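Inside the fold
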Amino acid sequence: MLRPKKNLLLSEIGDFTRFVVRFFREAVRPRYEMQELIHQCFVIGYKSFSLVGLTAFIMGLVLTMQLRPSMVHYGVEAEIPAMVGIAIIREIGPVITALIFAGKIGSSIGAELGSMRVTEQIDAMEVSGTNPFKYLVVTRTLAATFMLPVLVVLADGIALYGSFLGVNIYEVLNFRLFYTQVIDNLAYYDVLPAFAKTFFFGFAVGIVGCYKGYYSTKGTEGVGRSANSAVVMSSVLIFILDLLAVQITELIWHTR
Amino acid sequence: MANRSIDNLKLGAFVLSGLVLLVLFLYLLSKNQSIFSSRFEVKAHFEHVNGLVAGNNVRVSGIVVGIVEEVRLVNDTLVEVTLGIDEAMRTVLRKNALATIGTDGLIGNRVVNLLPAEAAAAFIDAGDVLQGQKEVSTEEMLRTLDQTNSNVLAISQGLIQTIERINNSTQLANLLNDESLSRDLKAALSNLRLATAAASGTMTDVQTIVGGIRAGEGSVGALLRDTGLLPELQQAMRKLQSVENQADHLAQRMAALVQEVDGAVQDVSADLNQGQGPAHLLLKDSLSAARLQNSLGNLEAGTARFNENMEALKHNVLFRRYFKKQARQKN
């Protein structure tokens, strides 16, 4: 576990790539830590739900209320459900949820693994025969990868409900018409790419948190730095992945 | 470890609810887009498709029944559009349906509208070719507008000439400058105003009357508005008719009677004139009249004497008792 000097962005990227490759190698190799995986799923997924749900609800409500003046200006307030639906499903649901997720989970993984690293628990694990990478990194990353999509789907539903309430602040709109308008203006190519990219977001948050924590240095100060940089890097990665996702989606659905 | 299993339970519920929501969402979408419902293909030929692309909706009477599968240019004046129509439409659409290209809203997506033709035809089948109706394109509209523009130009030129002619005309100027004309006009107008006022008053009166009639006031109103009057009137008319009939009958009988009487009178007068019977003697013979008078005088004198005799009789001894008794009984 010798650490190369990382004074350059390029070497950081190289390190990270190697870390990712190692993750895949370790993930497919047998002896799966199922118990730990499920426990991490609970900690990462279930325990984030209340936070994500709250933000999603507020997001849907606020988005609707913020959009309303412009829509009224153009005389298309009837299109608010359609517009909010597309915005939430395609972009805001996945991205906002992933960012909240990064803030909560990325930092906690970074801090947890970082403190384990600086207190030499990881080294102790290695000595005692447990594969720390498998036990700590693979389980957390996989849990993040699989839990974020679930969170995003639930968040989309909650945000749409918030949006429904937001519409009903100003006018009376029954739920049936609202959901008909939302569904009418959505297609599979709105939902499926948006759903697919959340796996990548989740993976990014998990792997970056683990990477930053796993290679934490310089004692307790390093733990804080790990947590902080994990959040920053995973947030940036989310946006980069989002950009890639929209381009790939355009590419696929327009060459049809 | 018990704590772990409760955690797992919560996790299971969490993941399951997420999956259920996702599946529900995808199901609603698929239901809406009818991705799993089977379709059959028909083709439609157009001259111009106005930007129709694959994926646009196909509508019948405003309801989405399918999508545009393919838009293909066959040659320089023919575009073949392949439409995927829901199976359920097999028993709704006809072979001779007309395909038109419209817009969803003012600036929305293109849609293919299928319109039923008036003539009867068999139900539609896969592979049928529908006739596309030529839509009015913006270019055509602009071309028509161009024509309209040149027409407007010609009209405005004519108008200019006319106005110039009016401007140059001295007669019109004279007419306009004539003061007496305006005076006359003013007088005429004031007369007209008076007449109008009078007419207005008259109209008000008429209105009042008509209003009264409408409300059923007065006999005319009753006549016009009272619905109960009509049957009564009819009944009265019927009675009147029967009375008339009776009167007719009576008159006939009276005529017969008069004739009879007439005949009888003629007989009598003939008898009288021809001197037969006592009536003739009585009426026509002056001598007998004198004699009759004489007889009547004698009769009077005789009656007076008889009265005297009777009075004497009352006082006779033989009859006095009887008369006294009679007088007592009377009292």
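Note that the coordinates shown come from a computational prediction; the quantities given were computed from them, not determined experimentally. (Residues numbered from 1 in each chain as written. Chains lettered and ligands numbered in written order. Predicted model: local features only at pLDDT ≥ 70, side-chain atom pairs only at ≥ 80, totals over all residues.)

Turning our attention to the overall build of chain B. Each helix and strand in chain B was counted, giving nine helices and seven strands. Taking all 331 residues of chain B together, 9% fall into the buried category. Looking at chain B alone, contacts between residues at least 24 apart form 55% of all its contacts between residues at least 6 apart. (Helix = DSSP H or I, 4+ residues; strand = E, 2+ residues; numbered from the N terminus. Buried ≥ 20, exposed ≤ 12 C-beta atoms within 10 Å, placed from the backbone. Contact = placed C-beta atoms within 7 Å.)

So, on to the overall build of chain A. Looking only at helices and strands, chain A has nine helices and zero strands in total. Across the 256 residues of chain A, 43% fall into the buried class. If you take every contact in chain A between residues at least 6 apart in sequence, the share linking residues at least 24 apart comes to 87%.

Attention now goes to the sheet that holds strand β6 (residues 110-115) of chain B. Residue and element names in this part refer to chain B. An order of β1-β4-β3-β2-β6-β5-β7 is seen for the seven strands of this closed barrel, with the pairing classed as mixed. If you compare each strand with its neighbour and ignore which way they point, the axes differ by 40 degrees on average. Here strand β5 (residues 98-103) pairs with β6 via six bridges, running antiparallel. Residue pairing across strands places Ala-99 opposite Leu-114, the latter belonging to β6. (Pairing = 2+ DSSP bridges. Axes fitted to C-alpha atoms, helices over the stretch in contact; angles between N-to-C directions.)

We now examine the pairing of strand β1 (residues 39-46) of chain B. A regular strand carries its side chains on alternate faces of the sheet. All names here are of chain B. When β1 meets strand β4 (residues 78-86), the two strands line up antiparallel, connected through eight bridges. Directly across from Glu-41, in β4, lies its bridge partner Gly-84. Strand direction decides the pairing type here: β1 and strand β7 (residues 129-132), joined by three bridges, are parallel. Bridging across to β7, His-45 finds its partner in Gln-131.

Our focus in this paragraph is unusual backbone geometry. All names here are of chain A. The backbone phi angle of Arg-31 is positive, close to 70 degrees, even though this residue is not glycine. Of note, Arg-31 is situated in the loop between α1 (9-28) and α2 (34-44). When the 9 C-beta atoms within 10 Å are taken as the criterion, Arg-31 is described as exposed. Look at Glu-120: it is not a glycine, yet its phi comes out positive at around 60 degrees. When you line up the elements, Glu-120 lands in the loop between α4 (80-118) and α5 (121-127). On the neighbour-count criterion, Glu-120 (11 C-beta atoms within 10 Å) is exposed.

This part covers the environment of Ala-54 of chain B. All names here are of chain B. Looking at the element boundaries, Ala-54 is found in the loop between β1 and β2 (57-60). On the neighbour-count criterion, Ala-54 (14 C-beta atoms within 10 Å) is partly exposed. For Ala-54 and Ile-67, which are 13 residues apart along the polypeptide, the C-alpha to C-alpha distance reads 7.5 Å. Setting aside its immediate chain neighbours within four residues, Ala-54 contacts Val-68, Glu-69, Glu-70 and Val-71.

Attention now goes to helix α6 (residues 229-274) of chain B. For α6 of chain B, spanning 46 residues, the distance from its first C-alpha to its last is 65 Å, which sits close to the expected 68 Å at 1.5 Å a residue. Counting buried positions along α6 of chain B yields zero of 46 residues, so the element is predominantly exposed. (Expected span 1.5 Å × (residues − 1).)

The next point concerns the interface of chain B and chain A. Residue-level contacts link 16 residues of chain B with 17 residues of chain A. Partitioning the side of chain B that touches chain A into residue classes produces nine nonpolar, five polar and two charged. (Nonpolar A, V, L, I, M, F, W, Y, C, P; charged D, E, K, R; others polar.)

Turning our eyes to something else, we now look at the nonpolar core. Leu-148, Leu-151, Ala-204 and Val-205 of chain A are the most contacted members of the largest nonpolar core, which has 72 residues in total. Secondary structure elements with two or more residues in this core: α2, α3 (49-73), α4, α6 (132-170), α7 (175-184), α8 (188-214) and α9 (219-254) of chain A together with α1 (2-33) of chain B. The element best represented in this core is α6 of chain A, accounting for 20 residues. Sequence-distant contacts of Leu-151 of chain A, that is, excluding residues within four places in its chain, are made with Gly-45, Ser-48, Phe-49, Val-52, Thr-97 and Phe-101 of chain A. Among the nonpolar cores identified, the runner-up in size contains 22 residues, and Phe-46, Leu-52, Ile-85 and Ala-97 of chain B belong to it. (Core = buried A, V, L, I, M, F, W, Y, C linked by C-beta atoms within 7 Å.)

Further remarks concern the packing of α2 of chain A against α6 of chain A. Residue and element names in this part refer to chain A. Running from N to C, α2 and α6 point in directions that differ by 50 degrees, and their axes come no closer than 8 Å. As far as their axial angle goes, α6 and α2 are oblique. As α2 packs across α6, the resulting crossing turns out to be right-handed. Residues Glu-36, Leu-37, Gln-40, Cys-41 and Ile-44 of α2 pack against Tyr-135, Thr-139, Arg-140, Leu-142, Ala-143, Ala-144, Phe-146 and Met-147 of α6. Considered class by class, the residues forming the contact of α2 with α6 number nine nonpolar, two polar and two charged. (Parallel < 35°, antiparallel > 145°, perpendicular 65-115°, else oblique. Left-handed = near helix turned anticlockwise from the far one by under 90°.)

Let us look at the packing of α1 of chain A against α6 of chain A. Residues and elements named next belong to chain A. It is at 10 Å that the axes of α1 and α6 come closest, and there the two elements cross at 100 degrees. The angle between α1 and α6 places the two elements in the roughly perpendicular class. Contacts between α1 and α6 involve Arg-22, Phe-23, Glu-26 and Ala-27 from the first element and Phe-133, Lys-134, Val-137, Val-138, Thr-141 and Leu-142 from the second. Residue composition of the contact of α1 with α6, by class: six nonpolar, one polar and three charged.

All names here are of chain B. Looking at chain B as a whole, its pLDDT mean stands at 83, while 90% of the residues score no less than 70. Looking at the elements of chain B, mean pLDDT is at its lowest for helix α7 (residues 277-284), recorded as 67, and at its highest for helix α2 (residues 138-168), recorded as 89. Here the prediction assigns the complex a pTM of 0.58, and the interface score ipTM is 0.76. (pLDDT = per-residue confidence, 0-100.)

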